[in-house]
Amino acid sequence: MRSQRPVLALPWLLWLTSALLIVLSGVFSVLIRDTDVGTSYGLLFEGVFALSFFTFPTVGAVVASRRPHNPIGWIFLAAGIPFALSGFAHGYATYALFTEPGSLPGGEAAAWLASWLFIPPLFAVPVFLFLLFPEGRALSSRWRIVGWVAALGIVCTVLFAFAPGRLEEPPFEEIVNPFGIVSAESILGVVSTVGWVSMLLSIPAAAAS
(Lines give C-alpha, C1' and ligand atoms only; values in the text may rest on other atoms or scores of the structure.)
Protein backbone atom coordinates (compact mmCIF):
# COMPACT_ATOMS: atom_id res chain seq x y z
CA MET A 1 0.00 0.00 0.00
CA ARG A 2 2.84 2.39 0.82
CA SER A 3 4.34 1.85 -2.63
CA GLN A 4 1.06 2.93 -4.22
CA ARG A 5 0.74 6.19 -2.32
CA PRO A 6 3.27 8.14 -4.44
CA VAL A 7 1.51 6.94 -7.60
CA LEU A 8 -1.91 7.97 -6.27
CA ALA A 9 -0.58 11.36 -5.14
CA LEU A 10 1.12 12.15 -8.44
CA PRO A 11 -2.10 12.89 -10.39
CA TRP A 12 -3.15 15.51 -7.86
CA LEU A 13 0.35 17.01 -7.80
CA LEU A 14 0.14 17.40 -11.59
CA TRP A 15 -3.39 18.81 -11.21
CA LEU A 16 -2.09 21.34 -8.70
CA THR A 17 0.64 22.38 -11.14
CA SER A 18 -1.92 22.95 -13.88
CA ALA A 19 -4.25 24.78 -11.52
CA LEU A 20 -1.46 27.12 -10.39
CA LEU A 21 -0.56 27.95 -13.99
CA ILE A 22 -4.22 28.61 -14.83
CA VAL A 23 -4.60 30.92 -11.84
CA LEU A 24 -1.48 32.80 -12.85
CA SER A 25 -2.87 33.06 -16.37
CA GLY A 26 -5.97 34.68 -14.89
CA VAL A 27 -3.82 37.14 -12.97
CA PHE A 28 -2.02 38.18 -16.14
CA SER A 29 -5.36 38.45 -17.97
CA VAL A 30 -6.35 41.12 -15.45
CA LEU A 31 -2.98 42.87 -15.65
CA ILE A 32 -3.03 43.10 -19.45
CA ARG A 33 -6.74 43.91 -19.82
CA ASP A 34 -6.01 47.51 -20.89
CA THR A 35 -3.15 46.59 -23.21
CA ASP A 36 -4.04 47.35 -26.83
CA VAL A 37 -2.55 44.40 -28.71
CA GLY A 38 -5.58 43.50 -30.80
CA THR A 39 -6.23 40.12 -29.14
CA SER A 40 -8.34 41.01 -26.11
CA TYR A 41 -11.62 39.09 -25.92
CA GLY A 42 -12.81 40.41 -22.58
CA LEU A 43 -12.31 39.09 -19.09
CA LEU A 44 -15.55 37.07 -19.11
CA PHE A 45 -14.58 35.15 -22.23
CA GLU A 46 -11.04 34.64 -21.02
CA GLY A 47 -12.35 33.48 -17.65
CA VAL A 48 -14.59 30.87 -19.24
CA PHE A 49 -11.74 29.85 -21.53
CA ALA A 50 -9.39 29.46 -18.56
CA LEU A 51 -11.94 27.43 -16.62
CA SER A 52 -12.29 25.09 -19.58
CA PHE A 53 -8.61 24.25 -19.15
CA PHE A 54 -9.47 22.82 -15.73
CA THR A 55 -11.42 20.01 -17.38
CA PHE A 56 -8.30 18.33 -18.73
CA PRO A 57 -6.27 18.07 -15.50
CA THR A 58 -9.37 17.50 -13.36
CA VAL A 59 -10.67 14.59 -15.44
CA GLY A 60 -7.14 13.28 -15.67
CA ALA A 61 -6.53 13.45 -11.93
CA VAL A 62 -9.79 11.72 -11.08
CA VAL A 63 -9.25 8.89 -13.56
CA ALA A 64 -5.52 8.45 -12.93
CA SER A 65 -5.94 8.37 -9.15
CA ARG A 66 -8.66 5.71 -9.41
CA ARG A 67 -7.28 3.77 -12.38
CA PRO A 68 -3.52 4.45 -12.37
CA HIS A 69 -2.83 1.64 -14.84
CA ASN A 70 -5.19 3.10 -17.43
CA PRO A 71 -3.37 5.66 -19.63
CA ILE A 72 -6.52 7.70 -20.31
CA GLY A 73 -6.19 9.71 -17.10
CA TRP A 74 -2.50 10.32 -17.68
CA ILE A 75 -3.21 11.52 -21.21
CA PHE A 76 -5.57 14.19 -19.89
CA LEU A 77 -3.04 15.19 -17.25
CA ALA A 78 -0.24 15.33 -19.80
CA ALA A 79 -2.38 17.60 -21.98
CA GLY A 80 -3.50 19.83 -19.12
CA ILE A 81 -0.04 21.07 -18.20
CA PRO A 82 1.04 22.32 -21.67
CA PHE A 83 -2.40 23.90 -22.20
CA ALA A 84 -2.11 25.71 -18.88
CA LEU A 85 1.53 26.63 -19.45
CA SER A 86 0.70 27.99 -22.89
CA GLY A 87 -1.98 30.27 -21.44
CA PHE A 88 0.37 31.44 -18.71
CA ALA A 89 3.18 32.07 -21.22
CA HIS A 90 0.83 34.10 -23.42
CA GLY A 91 -0.18 36.39 -20.56
CA TYR A 92 3.35 36.64 -19.22
CA ALA A 93 4.79 37.52 -22.63
CA THR A 94 2.08 40.09 -23.34
CA TYR A 95 2.74 41.81 -20.04
CA ALA A 96 6.53 41.65 -20.39
CA LEU A 97 6.62 42.85 -24.00
CA PHE A 98 3.65 45.23 -24.33
CA THR A 99 1.99 46.16 -21.03
CA GLU A 100 5.18 46.93 -19.10
CA PRO A 101 8.05 46.41 -21.54
CA GLY A 102 11.17 45.14 -19.84
CA SER A 103 9.51 44.69 -16.45
CA LEU A 104 9.87 40.91 -16.52
CA PRO A 105 12.69 38.77 -17.93
CA GLY A 106 12.23 36.21 -20.69
CA GLY A 107 9.36 37.86 -22.52
CA GLU A 108 10.45 36.63 -25.94
CA ALA A 109 11.02 33.11 -24.64
CA ALA A 110 7.51 33.11 -23.16
CA ALA A 111 6.10 34.35 -26.48
CA TRP A 112 7.92 31.47 -28.19
CA LEU A 113 6.32 28.96 -25.81
CA ALA A 114 2.89 30.50 -26.29
CA SER A 115 3.23 30.23 -30.07
CA TRP A 116 3.41 26.44 -30.26
CA LEU A 117 3.03 24.67 -26.90
CA PHE A 118 -0.75 24.24 -27.23
CA ILE A 119 -0.54 22.46 -30.60
CA PRO A 120 0.82 18.99 -29.60
CA PRO A 121 -1.86 18.27 -26.95
CA LEU A 122 -4.54 19.75 -29.21
CA PHE A 123 -3.94 16.91 -31.66
CA ALA A 124 -2.64 14.24 -29.29
CA VAL A 125 -5.64 14.15 -26.95
CA PRO A 126 -8.28 13.16 -29.55
CA VAL A 127 -5.92 10.65 -31.22
CA PHE A 128 -4.98 8.73 -28.10
CA LEU A 129 -8.39 9.11 -26.51
CA PHE A 130 -10.07 7.54 -29.55
CA LEU A 131 -7.34 4.93 -29.88
CA LEU A 132 -7.14 3.77 -26.25
CA PHE A 133 -10.63 4.36 -24.83
CA PRO A 134 -11.97 2.77 -22.69
CA GLU A 135 -9.61 0.00 -21.59
CA GLY A 136 -6.35 1.84 -22.18
CA ARG A 137 -5.09 -0.13 -25.16
CA ALA A 138 -5.58 -0.28 -28.90
CA LEU A 139 -8.04 -2.78 -30.35
CA SER A 140 -5.20 -4.79 -31.88
CA SER A 141 -1.52 -4.50 -32.67
CA ARG A 142 -2.21 -3.16 -36.17
CA TRP A 143 -3.88 -0.07 -34.69
CA ARG A 144 -0.69 0.81 -32.82
CA ILE A 145 0.72 2.25 -36.04
CA VAL A 146 -1.82 5.07 -35.66
CA GLY A 147 -0.28 5.97 -32.31
CA TRP A 148 3.20 5.95 -33.82
CA VAL A 149 2.05 8.20 -36.67
CA ALA A 150 0.56 10.61 -34.13
CA ALA A 151 3.77 10.51 -32.09
CA LEU A 152 5.73 11.36 -35.24
CA GLY A 153 3.46 14.35 -35.81
CA ILE A 154 3.94 15.57 -32.25
CA VAL A 155 7.74 15.29 -32.49
CA CYS A 156 7.74 17.15 -35.81
CA THR A 157 5.58 19.91 -34.33
CA VAL A 158 8.01 20.39 -31.46
CA LEU A 159 10.98 20.45 -33.83
CA PHE A 160 9.29 23.05 -36.05
CA ALA A 161 9.16 25.37 -33.05
CA PHE A 162 12.85 25.97 -33.77
CA ALA A 163 12.22 27.28 -37.29
CA PRO A 164 13.77 30.72 -37.83
CA GLY A 165 11.67 33.78 -38.60
CA ARG A 166 8.86 35.65 -36.92
CA LEU A 167 6.39 34.02 -34.57
CA GLU A 168 2.87 33.41 -35.87
CA GLU A 169 0.87 33.59 -32.64
CA PRO A 170 -0.88 36.97 -32.10
CA PRO A 171 0.16 39.43 -30.80
CA PHE A 172 3.77 38.30 -31.19
CA GLU A 173 4.01 38.45 -35.00
CA GLU A 174 6.83 41.00 -34.84
CA ILE A 175 8.92 38.89 -32.48
CA VAL A 176 11.75 36.96 -34.13
CA ASN A 177 11.99 33.38 -32.88
CA PRO A 178 14.67 33.58 -30.16
CA PHE A 179 15.41 29.87 -30.58
CA GLY A 180 15.29 29.72 -34.37
CA ILE A 181 17.98 27.63 -36.09
CA VAL A 182 18.78 29.35 -39.37
CA SER A 183 20.93 26.51 -40.69
CA ALA A 184 18.05 24.05 -40.34
CA GLU A 185 15.38 26.19 -42.03
CA SER A 186 14.94 24.00 -45.14
CA ILE A 187 14.87 20.78 -43.13
CA LEU A 188 12.38 22.17 -40.65
CA GLY A 189 10.07 23.12 -43.54
CA VAL A 190 9.89 19.45 -44.51
CA VAL A 191 9.49 18.47 -40.86
CA SER A 192 6.50 20.82 -40.55
CA THR A 193 4.76 19.24 -43.55
CA VAL A 194 5.37 15.73 -42.24
CA GLY A 195 4.08 16.73 -38.81
CA TRP A 196 0.83 18.29 -40.00
CA VAL A 197 0.09 15.42 -42.39
CA SER A 198 0.82 12.84 -39.69
CA MET A 199 -1.46 14.45 -37.12
CA LEU A 200 -4.29 15.16 -39.56
CA LEU A 201 -4.23 11.55 -40.77
CA SER A 202 -3.98 10.02 -37.31
CA ILE A 203 -7.11 11.69 -35.91
CA PRO A 204 -9.65 10.13 -38.33
CA ALA A 205 -7.73 6.86 -38.25
CA ALA A 206 -7.95 6.75 -34.45
CA ALA A 207 -11.64 7.66 -34.62
CA ALA A 208 -12.19 4.78 -37.06
CA SER A 209 -10.74 2.36 -34.50
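Look up: the structure comes first, before these words.
Heads up: these notes are all about the structure in this document. Quick caveat: nothing in here was measured; it's all calculated off a predicted structure.

This brings us to the overall build of the protein chain. Within the protein chain one finds 8 helices and 0 strands. When the helices and strands of the protein chain are placed in sequence order, the string is α-α-α-α-α-α-α-α. Expressed as a percentage of the 209 residues in the protein chain, the buried residues total 39%. The long-range fraction of contacts in the protein chain, counting pairs at least 24 apart against all pairs at least 6 apart in sequence, stands at 70%. Surface accessibility of the protein chain: about 11700 Å² in total, with carbon and sulfur atoms responsible for 70%.

Once that is clear, we can look at a nonpolar patch on the surface. Taken together, the side chains of Leu20, Val23, Leu24, Val27 and Leu31 define a hydrophobic patch exposed on the protein surface, amounting to about 410 Å² of accessible area. Turning to its location among the elements, Val23 is positioned in helix α1 (residues 5-31).

A word on the environment of Glu185. Mapped onto the elements, Glu185 comes out in helix α8 (residues 185-208). For Glu185, a relative accessible area of 48% gives the class partly exposed. The sequence separation of Glu185 and Gly165 amounts to 20 residues, and the corresponding C-alpha distance is 9.1 Å.

The next point concerns the side chain of Ser86. Its location among the elements puts Ser86 in helix α4 (residues 71-99). If near-sequence neighbours (up to four positions away) are discounted, Ser86 is found in contact with Ala114, Leu117 and Phe118.

Our focus in this paragraph is the packing of helix α3 (residues 55-66) against α4. To characterise two packed helices, one gives the angle between the axes of the helices and the distance between these axes. Contact geometry for α3 and α4: axes closest at 7 Å, N-to-C directions at 150 degrees. Taken together, the axes of α3 and α4 lie roughly antiparallel to each other. Considering the relative orientation of α3 and α4, their crossing is left-handed. Of the residues in α4, those touching α3 at Phe56, Pro57, Val59, Gly60, Ala61, Val63 and Ala64 are Gly73, Trp74, Phe76, Leu77, Ala79, Gly80 and Phe83. Partitioned by chemical class, the residues of the contact of α3 with α4 number 11 nonpolar, 3 polar and no charged.

With that out of the way, let us pick up the side chain of Thr94. Secondary-structure assignment places Thr94 in helix α4. Judged by its relative accessible area of 2%, Thr94 falls in the buried class. With residues near it in sequence (within four places) discarded, Thr94 still touches Ile32, Val37, Thr99, Pro171 and Phe172.

Here the focus is helix α5 (residues 107-116). Judged by how many residues are buried, α5 sits mostly within the fold: 7 of 10 residues are covered. The complete set of buried residues in α5 reads Gly107, Ala110, Ala111, Trp112, Ala114, Ser115 and Trp116. Residues of α5 that are buried make contact with α4, α6 (119-132) and α7 (144-160).

Turning our eyes to something else, we now look at the packing of aromatic side chains. Counting across every chain of the model gives 13 aromatic pairs. Each ring, one from Trp112 and one from Phe179, has its centre 4.5 Å from the other, and the planes form 55 degrees; the classification is tilted. You can see Trp112 sitting in helix α5 and its partner Phe179 sitting in the loop between α7 and α8, a full 67 residues away along the chain. Through a chain of ring-to-ring contacts, three or more aromatic side chains come together here, namely Phe28, Phe88, Tyr92 and Tyr95.

Conventions used here
- Residues numbered from 1 in each chain as written.
- Predicted model: local features only at pLDDT ≥ 70, side-chain atom pairs only at ≥ 80, totals over all residues.
- Heavy atoms only, no water.
- Helix = DSSP H or I, 4+ residues; strand = E, 2+ residues; numbered from the N terminus.
- Buried < 20%, exposed > 50% of the residue type's maximum accessible area, 1.4 Å probe, protein only.
- Contact = heavy atoms within 4.5 Å.
- Areas by Shrake-Rupley, 256 points an atom, 1.4 Å probe, with all protein chains shown as cover.
- Patch = residues over 30% accessible without salt bridge, like charges linked within 9 Å, V, L, I, M, F, W, Y side chains within 5 Å.
- Salt bridge = Lys/Arg side-chain N within 4 Å of Asp/Glu carboxyl O.
- Axes fitted to C-alpha atoms, helices over the stretch in contact; angles between N-to-C directions.
- Parallel < 35°, antiparallel > 145°, perpendicular 65-115°, else oblique.
- Left-handed = near helix turned anticlockwise from the far one by under 90°.
- Nonpolar A, V, L, I, M, F, W, Y, C, P; charged D, E, K, R; others polar.
- Phe/Tyr/Trp six-rings, centres within 6.5 Å; stacked < 30°, edge-to-face > 60°.

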